[in-house]
Structures are given as C-alpha cells and as structure tokens.
Amino acid sequence: MKKGFIFDLDGVIVDTAKYHFLAWQNLANSLGISFSSAQNEQLKGVSRVRSLEKILEWGDKTISKEEFNRLMREKNEEYLDYISKMDTTEILPDVPKILDTLISKKQAIALGSASKNARVILEKVQLIDKFHAIVDGTNVSKAKPDPEVFLVGARQLNISPENCIVFEDSVAGIQAANTANMISIGIGDANTLHQADYIFKDFTEIKEEFINNLVSARKV
Ligand code: B16
Ligand code: MG
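The text that follows walks through the structure, step by step, so that each part is easy to find. (Residues numbered from 1 in each chain as written. Chains lettered and ligands numbered in written order. Predicted model: local features only at pLDDT ≥ 70, side-chain atom pairs only at ≥ 80, totals over all residues. Heavy atoms only, no water.)

1. Brief notes about unusual backbone geometry
Turning to step 1, where the next piece is worked out: Cis geometry is adopted by the peptide bond preceding Pro145, which originates at Lys144 and carries an omega value of 15 degrees.
Turning to step 2, where the next piece is worked out: Counting through the fold element by element, Pro145 comes out in the loop between strand S3 (133–135) and helix H7 (148–157).
Turning to step 3, where the next piece is worked out: Here the phi dihedral of Gln126 falls at roughly 60 degrees; this positive angle occurs in a residue that is not glycine.
Turning to step 4, where the next piece is worked out: Assignment of secondary structure puts Gln126 in the loop between helix H6 (118–124) and S3. (Helix = DSSP H or I, 4+ residues; strand = E, 2+ residues; numbered from the N terminus.)

Below, the structure is given as structure tokens:
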C-alpha cells in the first residue's frame, strides 16, 4: 500500500533551532529584552511573524510596523548566514536511512514545515531530491496547530489524509497532524509530545518492522 510520509524540518531532519535561537537572541538583546533557551523552545514550529510578536510580548514592547519588518528582515539575514554554512553533517541521526527505506518501499514523501527557508536548508544538506513534495512557509497561510501544511502536503502527494503519517518535534505540529486525521509520530521528549500516536527519541529507535506496520496500517 502507498502511504504519505510527511516530515517536519526543524527538529526532525536538522536542528536549525540552535540558529533560530542565536538570531532571535541577538534581536531580543538589541531591544533590551532577555531571551532564554526555554523561550526558544516555545518558538519551535511557530512562524517568523508570530515568533517576533511573542518576543515583543515577553519584553512588553510595542514597535512600529516599519521597525517590525526591519527586525524580521535582520533576523532572517543572520539566520541565512548561519544556514549558508550547513552541510550533511547536520542531518539528525538515521534520517537518510529512513528516507531511503521509504523510497525503497515506494512510499510517498513530503516535507511539511513552517519555515520559508526550507528549500535552501534541504539543498544545503543534500536531501532535497528525496522529497516528492515540499510544503513550507511560502505555500501556507495558517500556522500549526492548524492542519493546513499537512493537508496541502497530502494533496500534493495525492494521498488521503488518513493514509498519511507525520513526523514532528513540536506540540503544535502533533496537534496539527491529529486534527488532519493523520498518524502522528513525535520525535523527541515523551512528556512534551504525549498527544502523539507514537513517540521516539530519534530515528535510531525506529525499526523497519514499525515502518512495515505503518505502510499496511489504518488510523483507528
Ligand atoms: P523561517 P519547522 C519552523 O520550522 C521553526 O521550528 C520555527 O522556529 C521557525 O520560526 C519557523 O520554522 C519559521 O522559519 O523564519 O525560516 O521562515 O519546525 O516547521 O520545520
Ligand atoms: Mg519542528
């Protein structure tokens, strides 16, 4: 049976959260706002606009629309500078292995990310050719936990949502997959991702038998 396997990017394929953190932290500090790694956790899977809104809320700051746009641009320029130096060593453990396993089983593979920089990152880590569809922050208007990004992914793969499986590291992403009526697989901390149908610390914990079961399973 052909299923649709949809992968989040940041936190699932690569750890770009560390670069978002550095860039947001510089921006926050320039405004006199402190920004911790715990706050950065809360920005995972959140769009760029909403991330800046949250930082300003935390710092109790109001700024003009022009300054907001300038800060967004500067943050992204710094982030792009970090990701321009990325290479295949930044791929998270066993990601190429699972992609190749799915390809060998003739499964459909999509990316479902909030990032507008997703294509550049996939090119830098040389994984772009493994994906049959790429849905990112440039294709969708509603942020996770809205299911739009995954539903568009399913449509592009031409697979019905209940035959799709989502790999996600964020709570909002798991909620989006569940709302889309897809099988949700949390990659990361079991307590944080308890709403997922299945949870693994990382892809090294996923055995081929599990993949085989997914290929033949239906969401109940
Ligand atoms: P950009 P994901 C998300 O990626 C990140 O987790 C989140 O921290 C970031 O703000 C968002 O992409 C937008 O990224 O500024 O590059 O458009 O986890 O959905 O792959
Ligand atoms: Mg993520």
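2. So, the pattern of salt bridges
Turning to step 1, where the next piece is worked out: Considering all chains together, one arrives at 12 salt bridges under this definition.
Turning to step 2, where the next piece is worked out: In this structure, the salt-bridge partner of Glu67 is Arg70, at a minimum N-O distance of 3.2 Å. Taken together, the residues Glu67 and Arg70, both in helix H4 (residues 65–83) and three residues apart, mark about one turn of the helix.
Turning to step 3, where the next piece is worked out: Residue class for Glu67 comes out partly exposed when judged on its relative accessible area of 25%.
Turning to step 4, where the next piece is worked out: Residue class for Arg70 comes out partly exposed when judged on its relative accessible area of 33%.
Turning to step 5, where the next piece is worked out: For Asp81, the salt bridge is made with Lys85, and the minimal N-O distance between the two is 3.6 Å.
Turning to step 6, where the next piece is worked out: Given the relative accessible area of 42%, Asp81 is considered partly exposed.
Turning to step 7, where the next piece is worked out: Connected via shared salt-bridge partners are Asp8, Lys144 and Glu168. (Salt bridge = Lys/Arg side-chain N within 4 Å of Asp/Glu carboxyl O. Buried < 20%, exposed > 50% of the residue type's maximum accessible area, 1.4 Å probe, protein only.)

These figures capture arrangement, not role.
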